[in-house]
Amino acid sequence: MRILSDSTGQELNGFTGTATSNTHLYARSLPVVTDGAAQRNEQKFSISADSNRKVTVKELTVDVNVSSATLSDTNVNQLSLYAGNNVVTEASFALSGTTLTISNLTEEVSAGSTQEFEIRNLDQIISNTTSDSSRTMRVFGVDYTADINDATDIITVDNSASNEYVNTGIPTTGTTFNNY
């Protein structure tokens, strides 16, 4: 281990034993999520990687709120996630309350580019709709890797108060579909 002085930046020699320190994780890229169009049974959004590095999306957390309708996890595995025009076959879905988690992902977004995503078959988790029903959805969490430590460290970007990346690249409002 190489030890540097905090105040001078000079290397310190002659130490034996154990050194302890705070650790720092440097992300080489930051994804930015943009809500997209809402249709009756579909919700679109996009993820952009900055020009520094690609990001590999590992998990998404989505807030799903309904009005004058029922939200149920009974058929959550009937949902589909698309990246562009391709179905993401490895995607796994779980619904707890109003939080939809999409996990088991390995979707790469190239440096400086944007990938469009779409959640389909929302009628499998939203039922008892009327003409007054509405749905508001917002991606509020992204777990990703950005070529750090051989892509083994997962970075979470969300809007929770406990996360140091609060609202970094995460929408603060959702997209609403009205009049089912």
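Before reading further, recall that the structure is shown in the block above.
Everything in this summary refers to the structure shown in the same document.

About the cut-offs
- Note on numbering: residues in each chain are counted from 1, in written sequence order.
- Owing to the predicted nature of the model, reporting of local features is limited to residues with pLDDT of at least 70; listing and counting of side-chain atom pairs is limited to 80 or more, with chain, interface and lining totals taken over all residues.
- Only hydrogens and water are set aside; all other atoms, that is, all heavy atoms of the structure, feed into the side-chain values.
- Under the scheme used here, helices are H or I runs from DSSP no shorter than 4 residues and strands are E runs no shorter than 2 residues, and both carry numbers assigned from the N terminus.
- Remark: exposure states derive from per-residue accessible area (1.4 Å probe, protein chains only) relative to the maximum for the residue type, with buried under 20%, exposed over 50%, and partly exposed in between.
- To be clear on the numbers: accessible area is Shrake-Rupley with a 1.4 Å probe, and residue cover counts the displayed protein chains and nothing else.
- Only buried residues count toward a nonpolar core. Its members are Ala, Val, Leu, Ile, Met, Phe, Trp, Tyr and Cys residues joined through side-chain atoms within 4.5 Å.
- The contact criterion used is simple: two residues touch if any of their non-hydrogen atoms lie within 4.5 Å.
- For two strands to count as paired, DSSP must find a minimum of two bridges between them.
- Any Lys or Arg side-chain nitrogen located within 4 Å of an Asp or Glu carboxyl oxygen qualifies as a salt bridge.

**Focus: the overall build of the protein chain**
- Helices and strands together make up the secondary structure of the protein chain, namely zero helices and 16 strands.
- In the protein chain, which comprises 180 residues, the proportion classed as buried is 35%.
- Accessible surface, the protein chain as shown: approximately 10,100 Å² in total, 40% of it carbon and sulfur.

**Some thoughts on the nonpolar core**
- Formed by 33 residues in total, the largest nonpolar core has its most connected members in Phe45, Leu60, Leu81, Leu100, Ile102 and Ile119.
- When contributions to this core are tallied by element, the ones reaching two or more residues are strand S3 (31-39), strand S4 (42-49), strand S5 (55-67), strand S7 (80-83), strand S9 (92-96), strand S10 (99-103), strand S12 (114-120) and strand S14 (134-145).
- Of all the elements, S5 adds the most residues to this core, at five residues.
- Ignoring anything within four residues of it in the chain, the contact list for Ile119 reads Asn41, Glu42, Gln43, Phe45, Val62, Ser80, Leu81, Leu100, Ile102 and Met137.

**Observations concerning the sheet that holds S7**
- One open sheet holds the five strands; their spatial order is S3-S4-S12-S7-S8, and the pairing between them is antiparallel. In this open sheet, the two edge strands, each paired with only one partner strand, are S3 and strand S8 (86-87).
- Here four bridges tie S7 to S12, and the two strands are oriented antiparallel to one another. In the sheet register, Ser80 faces S12, and the bridge partner there is Arg120.

**A closer look at the environment of Arg40**
- Checked against the element boundaries, Arg40 lands in the loop between S3 and S4.
- Judged by its relative accessible area of 38%, Arg40 falls in the partly exposed class.
- Remark: the alpha-carbon pair of Arg40 and Tyr180, spanning 140 residues in sequence, is separated by 6.6 Å.
- Ignoring any residue separated from it by four or fewer positions in sequence, one finds Arg40 in contact with Thr129, Arg135, Phe177 and Tyr180.

**Some points on the environment of Ser51**
- With respect to the helices and strands, the residue Ser51 is situated in the loop between S4 and S5.
- Remark: the alpha-carbon pair of Ser51 and Ser110, spanning 59 residues in sequence, is separated by 8.5 Å.
- The contacts of Ser51, once residues within four sequence positions are left out, are Ala111 and Gly112.

**Considerations on the pattern of salt bridges**
- With the rule as written, the count across this model stands at two salt bridges.
- Across the pair Lys54 and Glu108 runs a salt bridge whose closest N-O atoms are separated by 3.0 Å. Highlighted residues: Lys54 in the loop between S4 and S5 and Glu108 in strand S11 (residues 107-109), separated in sequence by 54 residues.
- In this structure, Arg120 engages Glu118 in a salt bridge whose closest nitrogen and oxygen atoms are separated by 3.3 Å.
- In this structure Arg120 comes out as partly exposed when scored by relative accessible area, which is 24%.

**What about the pairing of S7?**
- Where burial is concerned, the two faces of S7 agree: the one with Ser80 and Tyr82 and the one with Leu81 and Ala83 are both buried.
- Taken together, the two bridges between S7 and S8 define a ladder with antiparallel strand orientation. Bridge assignment links Tyr82 to a residue of S8, and that residue is Val87.
- Between the antiparallel neighbours S7 and S8 lie two residues, among them Gly84 with a positive phi of about 65°.

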